[in-house]
Amino acid sequence: TNWPASSSVDTDTFMGRLRSRTGKAFDLPTESQWEYVGRAGTTTALNSGYNLTNTSSDARMAEVGRYSYNGGSGFPQDGDTSVATAKVGSYLPNAWGLYDIHGNVWEWCLDWYGTFPGTVTDPVGATSGSARVFRGGNWGSSAMNCRVAFRTWYGYPGTAHKISGFRAALPPGQQ
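Residues numbered from 1 in each chain as written. Predicted model: local features only at pLDDT ≥ 70, side-chain atom pairs only at ≥ 80, totals over all residues. Heavy atoms only, no water.

A. Seen up close, helix α1 (residues 14-22). Along α1, the residues that are buried comprise Met15, Gly16 and Arg19. Buried residues of α1, seen end-on, are gathered within an arc of 105° and therefore sit on one face of the element. Seen from the open side of α1, the exposed residues pointing more than 90 degrees away from its buried face are Phe14 and Arg21. (Buried < 20%, exposed > 50% of the residue type's maximum accessible area, 1.4 Å probe, protein only. Helix = DSSP H or I, 4+ residues; strand = E, 2+ residues; numbered from the N terminus. Arc of directions from axis to C-beta.)

Next comes the structure, spelled out in structure tokens:
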């Protein structure tokens, strides 16, 4: 009920059940945590170490994730993964072994959407708001919107979208 203002979650939610079964404090990553693991030590637009040469359609983006120009158009109701979302692990992982950082589905972050503080190490996100930060792009995005640094909002709490998902995270020391 008070999540994320407090770290407590309702026991009948996905996160509540995950915490109960594992005994660990899983949560959504903060926006800065998401970017840190998404980059995996790189400073380029893509975590493969490459920058984009085209903001719409780019072969380098096609190597690392599903987006509008490599099968991401359309949304089949029959589970066909040749369009829309791709099966996890269909594209190259980043240097730390994480898949689907670029494209596939927007990923919810714990932070509320607000002004990002710029060049700060491990910045703290807005403490209140009406929408959550989304990172990573989705299957219908252009290459530019799938860059590690691109951020947007659309994550109104209590809503679900065919273009969004999440990545569970553990606090340091709970691996």
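There is more to say, and it comes next.
B. How the structure looks around the pairing of strand β1 (residues 106-112). The buried count for β1 comes to 7 of 7 residues, which makes it a mostly enclosed element. Sheet analysis places β1 next to strand β4 (residues 164-165), joined by 2 bridges and oriented parallel. For Glu107, the partnering residue across the bridge sits in β4 and is Gly165. In this structure, β1 lies alongside strand β2 (residues 132-135), joined through 3 bridges in antiparallel fashion. The residue bridging Trp108 from the neighbouring strand is Phe134, located in β2. (Pairing = 2+ DSSP bridges.)

C. Structural view of the side chain of Asn104. Inspection of the secondary structure puts Asn104 in the loop between α3 (59-64) and β1. For Asn104, the side chain forms a polar contact with the main-chain nitrogen of Ala86, separated by 2.6 Å. (Polar contact = N/O pair within 3.5 Å; in protein donor to acceptor, adjacent residues only side chain to side chain.)

D. Just the pattern of salt bridges, in detail. Evaluated as defined, the whole model comprises 6 salt bridges. Residue Asp27 pairs with Arg19 through a salt bridge whose shortest N-O separation is 3.3 Å. Using a relative accessible area of 12% as the deciding quantity, one classes Asp27 as buried. Taking the relative accessible area as the measure of exposure, Arg19 reaches 16% and is therefore buried. Residues Arg167 and Glu107 are paired through a salt bridge, measuring 2.8 Å at the closest nitrogen-oxygen approach. Placement of Arg167 in the segment after β4 and of Glu107 in strand β1 is noted, with a sequence separation of 60 residues between them. Overall, Glu107 belongs to the buried group, its relative accessible area being 5%. Via salt bridges that share partners, Glu31, Glu35, Arg39, Arg135 and Arg151 belong to a single interconnected network. (Salt bridge = Lys/Arg side-chain N within 4 Å of Asp/Glu carboxyl O.)

The analysis is restricted to geometry; functional conclusions fall outside its scope.
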